[in-house]
Amino acid sequence: MIRFSGSLHVSINVLADAKTLPHKKFSIHEKKASDVGMDHANGHHRPSSNHQRSPIAQRPDNGGIEGAVIPLSANYFLVRFNPDQKIFQYDIDITPHPSKETARMIKNKLVQENSSVLSGALPAFDGRRDLYSAIEFQENKAEFFVNLPVASARCPVDKKNGHMLDRQNFKVFKVNIRLVSKLSGEDLNKFLTEDKDGISLPQDYLHALEVILREGAMESSVLVGRSLYPRSMGEAREIGGGAVGLRGFFQSLRPTKQGLALNVDLSLTAFHESTGMIVYLQKRFDFLKDLSHQKTRALSEEERREVEKALKNIQVRVCHRETDQRYHVHSLTKETTKNLKFRDRSAKDLMVVDYFKEQYNHDIQFRNMPCLQIGRSKPCYVPMELCVVCEGQKFLGKLSDEQTSKVLRMGCQRPSERKGIIKGIVEEEFGAGSNSYADQFNLQVSKDMTQLSGRVLLPPRLKFGSGGRITDMTPHRFDRQWSLLDSHVTDGSKIKNWALISFGGTPEQHSYIPKFVNQLSSRCEQLGILLNKKPVISPLFERIQLLNNPGILESKLGKIQEAAAGNLQLLICVMERRHRGYADLKRIAETSIGLVTQCCLYPNLSKLTVQFVANLALKMNAKLGGCNVSLYNSLPCQIPRIFSDEEPVMFMGADVTHPHPLDDSSPSVVAVVASMNWPAANKYISRMRSQTHRKEIIEHLDVMTGELLEEFLKEVGKLPGRIIFFRDGVSETQFDKVLKEEMHALRVACLRYPGYKPLTTFVVVQKRHHTRLFHREKNGGSTHYSDQNIPPGTVVDTVITHPREFDFYLCSHWGTKGTSRPTHYHVLLDENRFQSDEVQQLIHNLCYTFVRCTRPVSLVPPAYYAHLAAYRGRLYLEKSDSVATSCTTLYRSTPLQTTPLPKLSDSVKRLMFYC
């Protein structure tokens, strides 16, 4: 009954179809898979080369000229292709549907044994439905039969030595190949060389080139998205929790000003550790860490559901017999192994433990654990102890802070080291004679990084409060950091009513509180922030377990607010350690009670450094309506052609955060923020909402924008004449949809006010990309800066940017660890008609106004604040995680319900409580 397949050996019989293709043209948009990484079988579609894009803003000039020129190199490698080279695209249909590994084995064997039918071609395969050839096959249609010898499900056992005797059955796959398109490089060549509007990027041809260039590495690598993880790049490193970190490389073709280029970078990700299932469970779950010593241990129903959710779709192989076959875990049995029965082919009921003893002479040890169910249509049970987690599987669970830190450290190379690794990858993959697939399609990849010139923008002059000795300064340090030792913040808040509560901690740690309060009050005074030296009530000391009970916690916070006569401005919360109850604390304080909180940890109180106390003071000031720094020269002074004091401008930021991959039910959370003052433009309020699970387009943007416009009108006295909208987290394939739908929502919000049509600039902000910029060596030698990161203010808007559209890379921060990642800004709509210098200087200068630190940040503040607010909204949903985990269903029959976020209290919704 418990059926398994043996290892694969492929033999192929060919039946060539003499019929030619019908005259119907096959549209790739009708039948092909979506972007790289999408599954054809699921009915997703890749954009057609005939797809008409919405008009995207074109570059208004030849690029900026402000700033000192700096020689750079970028991890882009020029790709030369022959526009006349035809690529013949074939659809390959295999039935029954095989795994990707099996499909690739079939393709390889097909090419080896049928060279004449395939005209001697060496086609590239995307692992799903597309086969690309540089030569047209002899027939437009061909049918193949693939016989796979597999071990029988009921293999007898040799009674003398206990080994399984081989007995083979054959599984037959039918393979149909048909020509669906003849792709030409002429359209791509026109897109790259002709300076005309309305020329669309031929996605079909570009996708084909992507598949061809990675085909050589696919033989020895695991593909995750657009990254390849070959064994040659080092052993996996254990990061805990049943996961390992692995180094690989990312590659993607990019249309640029210099032509077609291959972006290559170091890539890192977490994989499931390949180990026995029992050991894996011990590492993955704290409650099972002693499982090997507790063989009679059973799972509670809640534990069983948690384990089932984590193991679902993981690939395993069995170790009670020899086979390379992989199986997907579908679920866990509800019965324990010792109680589990199945019916064999003779309709006889057998106990699982008896079956494995009789057939494989194996005594099941963990009899109180459930079995793995590895069949969807028919019951197929395997005891956990007989399974091994297969290697090469991306870890889909949510990584802990410690796991994330370990993975990041693996990729924390200094610029010169990272540059060397990238050049080594390109040499190995595309060196002379090393990639026969690229050679066959006449593709030539340069071995040299792209050389270009960037510009370093000057830092802005900053303004501070009038109470300090220094009222303005220009941060000229190499890292652009500034000090507030002799300065006041621009606008200090007055914190008269505040309280302090402690969660956990030892008596010794409790003794730190008076010194902490004294130093915090003194530092606030030095910064021009008024913090009463004594809280309105004596500090409260609670056990950390209070954070485990939201009901009691809410009651306690309510009583604190009552004791302060309902006028408490700030509650400082000192915690023994990081605790998941932090989410409940923030939710209750900001939605139920109406409190702004500032949390910190006892370990930081024991050190009580000047920097820690100053940072805490800055955050408190920003949360309670103060302003820490502003630009000395206002924005109308900097860009008088567009901005004026009389016509206010509102800066907006928006971001959507999605649940982690294993969460198949929680809603996504969207946050939209907007500036509420002009011309300073440095105080932002937020609106947050939950929306459809994993939906990227912002729902109800019109409603949130309407609320923000109403608040702006109250604060400034008039509506903004211009809106600068920064949208975070959008991939290039979504540009058209986001621009169309979200700009429509913005305009709908403005219709509430008759005749109101503000000029809008819509900018997409991207941090999740693989462009890296390095100091360029002069005359082949190293420079003094070759192992340093590029300086803050470095901007690049030539050579590696889009051939015509309005985009640029800006590295506004100083990278202290690893290699700096510049932020990519892409202007999709520009009704304000910015010049390159104007928008680059605007964004660069705004990066100096972020409220939480005394240095420029890597992301324009409106987008940064939207990210923080979206994260806060996600915290509000975590209150029900323990319940959601236990009730998540693997077999959903009803539509997902979007859990609404709790409503913010009126006393906090106009403050930057999220920062």
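The name an unreviewed UniProt entry gives the protein is Protein argonaute 7, with Aegilops tauschii subsp. strangulata as the organism. Turning to the protein, the UniProt record has this under Sequence similarities (unreviewed entry): "Belongs to the argonaute family. Ago subfamily."

Participant: Just to check I follow, could you spell out the sheet that holds strand β41 (residues 823-830) for this structure?
Facilitator: Paired through backbone hydrogen bonds, the strands of a sheet run either parallel or antiparallel to each other. Ordered in space as β35-β34-β33-β36-β37-β41-β40-β39-β23-β2-β38, the eleven strands form an open sheet in which the pairing is mixed. Looking at the sheet topology across the chains shown, the edges are occupied by β35 (684-691) and β38 (773-775). Ignoring which end each strand starts from, the neighbouring axes of this sheet average 30° apart. Direction of pairing for strand β2 (residues 68-74) relative to strand β23 (residues 450-456): antiparallel, over a ladder of seven bridges. Within the sheet, the bridge partner assigned to proline 71 lies in β23 and is serine 453.

Participant: What is the right way to look at the layout of surface pockets in this model?
Facilitator: Quantified by volume, the second largest pocket comes out at close to 400 Å³. Along the wall of the second largest pocket there are 16 residues; nearest its centre are Arg687, Met688, Glu707, Lys903 and Leu904. Residue assignment for the lining of the second largest pocket shows that the elements contributing at least two residues are β35 and α18 (701-716). It is β35 that provides the largest number of residues to the lining of the second largest pocket, a total of five residues. Counted by class, the lining of the second largest pocket contains seven nonpolar, two polar and seven charged residues.

Participant: I keep staring at empty space enclosed by the protein and nothing clicks. Help me out?
Facilitator: A water-sized probe rolled over the atoms picks out the places where empty space is left. Counted according to the given criterion, the structure contains three cavities of 30 Å³ or more. Each pocket or cavity is described by its volume, and for the largest cavity that value is around 40 Å³. Along the walls of the largest cavity sit Val117, Leu118, Phe137, Glu139, Ala142, Phe144 and Ile177, which together make up its complete lining. For the lining of the largest cavity, the residue count by class is six nonpolar, no polar and one charged.

Participant: Would you take a moment to explain unusual backbone geometry for this structure?
Facilitator: It is generally the case that most residues other than glycine have a negative phi and that most peptide bonds are trans. Omega for the peptide link from threonine 95 to proline 96 comes to -5°, which places this bond in the cis form. Looking at the element boundaries, proline 96 is found in the loop between β4 (87-95) and α2 (100-113). Here the residue pair tryptophan 678 and proline 679 is connected by a cis peptide bond, since its omega of 10° sits within 30 degrees of zero. Along the chain, proline 679 turns up in the loop between β34 (668-675) and β35. At arginine 480, a position not held by glycine, the phi torsion is positive, near 60°. Using a relative accessible area of 12% as the deciding quantity, one classes arginine 480 as buried. Phi angles above zero are rare outside glycine, and histidine 700 is one such case at about 60°. Overall, histidine 700 belongs to the partly exposed group, its relative accessible area being 42%.

About the criteria used
Residues numbered from 1 in each chain as written. Predicted model: local features only at pLDDT ≥ 70, side-chain atom pairs only at ≥ 80, totals over all residues. Heavy atoms only, no water. UniProt positions renumbered as here; feature names shortened; annotations may be inferred. Pairing = 2+ DSSP bridges. Helix = DSSP H or I, 4+ residues; strand = E, 2+ residues; numbered from the N terminus. Axes fitted to C-alpha atoms, helices over the stretch in contact; angles between N-to-C directions. 1 Å grid on protein atoms, 1.4 Å probe; cavity = no way out; pocket = protein on both sides within 12 Å on 5 of 7 lines; lining within 4 Å. Points joined across faces, edges and corners; volume = space filled by probe spheres on them. Nonpolar A, V, L, I, M, F, W, Y, C, P; charged D, E, K, R; others polar. Buried < 20%, exposed > 50% of the residue type's maximum accessible area, 1.4 Å probe, protein only.

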